[in-house]
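Overview (structure and organization)
Residues per chain are reported as follows:
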Amino acid sequence: MQKEPAKERIILGIDPGTVVLGYGIIKEVNKKISLVTLGVIKMGHLDDHALKLQRIFKKTAALIAEYQPDCVALEAPFYGKNIQVMLKLGRAQGVAMAAALNADIPITEYSPRKIKQSVTGNGNASKEQVASMLQTLLGFKETPEFLDATDGLAVAVCHSFQQNQNTTSKSYTGWEAFVKDNQKRIK
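None of these values were measured; they are calculated from a predicted model. (Residues numbered from 1 in each chain as written. Predicted model: local features only at pLDDT ≥ 70, side-chain atom pairs only at ≥ 80, totals over all residues. Heavy atoms only, no water.)

Quick word on the sheet that holds strand E4 (residues 71-75)
To summarise the sheet geometry, strands pair through backbone hydrogen bonds and adopt either a parallel or an antiparallel arrangement. Read across the sheet, five strands follow the order E3-E2-E1-E4-E5 without closing on themselves; strand pairing throughout is mixed. Looking along the sheet, the strands with just one partner apiece sit at the ends: strand E3 (32-42) and strand E5 (107-110). Neighbour-to-neighbour, the strand axes of the sheet open up by a mean angle of 20 degrees, direction not taken into account. In the sheet, strand E1 (residues 8-15) pairs with E4 via four bridges, with the strands oriented parallel. Looking across to E4, one finds that Ile-11 is bridged to Cys-71. (Pairing = 2+ DSSP bridges. Helix = DSSP H or I, 4+ residues; strand = E, 2+ residues; numbered from the N terminus. Axes fitted to C-alpha atoms, helices over the stretch in contact; angles between N-to-C directions.)

As structure tokens, then:
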């Protein structure tokens, strides 16, 4: 009897922003995930919004060319009080989507609450809590300079978890219980 070949895919997660865009890339083999890389694209030095969008497109396209992801997951803009900020975030997300679609890569969008819930078990978790859980799940020690990087990584992890989710759901009393019950997800 032959063993089935390993099912492998690369997932690029993006947390869109017009000052700092966070990204994370994971490798999934037979539903187990491992960290490939994470980082940020900085645009604070650019005054022109169109130049920021161009940088997002070019840098996202470069990440796609280098890491050849099988899919891209993005954080959806959340409703805020400032419509101008939402408009700019929506444009940033759209440009990142266009870079993926231009390379014929499927995209999926997740709400910030869904991402936090998927990664930590708590839809109201702080950025620091999300980063800490990702360090535990993926076994890295370094704390990135910008939490936008772990936010992008969280989107990729959320996508992996959503695609591999069983039909039954379970609630957890805390992180320890969640990690203990999900050892199969850890590299």
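Topic: the confidence of the model for the protein chain
The predicted structure's coordinates, where accompanied by low pLDDT, should not be read in detail. Residues of the protein chain with pLDDT of at least 70 account for 84%, and the chain-wide mean is 87. Averaged pLDDT values for the elements of the protein chain fall to 67 in helix H6 (residues 175-181) and rise to 97 in helix H1 (residues 49-67). (pLDDT = per-residue confidence, 0-100.)

Observations regarding the packing of helix H4 (residues 127-138) against helix H5 (residues 147-164)
Running from amino to carboxyl end, H4 crosses H5 at an angle of 60 degrees, the nearest separation of the two axes being 9 Å. The pairing of H4 with H5 is recorded here as oblique in orientation. Regarding H4 and H5, the two cross each other, and that crossing is left-handed. Counting all contacts with H4, which are made through Lys-127, Glu-128, Val-130, Ala-131, Leu-134, Leu-137 and Leu-138, the residues of H5 involved are Leu-147, Thr-150, Asp-151, Leu-153, Ala-154, Val-157 and Phe-161. Taken together, the residues that form the contact of H4 with H5 break down as ten nonpolar, one polar and three charged. (Parallel < 35°, antiparallel > 145°, perpendicular 65-115°, else oblique. Left-handed = near helix turned anticlockwise from the far one by under 90°. Contact = heavy atoms within 4.5 Å. Nonpolar A, V, L, I, M, F, W, Y, C, P; charged D, E, K, R; others polar.)

Quick word on unusual backbone geometry
Phi is positive for Asn-30, which is not a glycine, with a value near 50 degrees. Tracing the chain through its elements places Asn-30 in the loop between strand E2 (20-29) and E3. Of the residues examined, Asn-30 reaches a relative accessible area of 45% and is grouped as partly exposed. In this model, Gln-68 sits at a positive phi of 50 degrees, which is unusual for a non-glycine residue. Looking at the element boundaries, Gln-68 is found in the loop between H1 and E4. (Buried < 20%, exposed > 50% of the residue type's maximum accessible area, 1.4 Å probe, protein only.)

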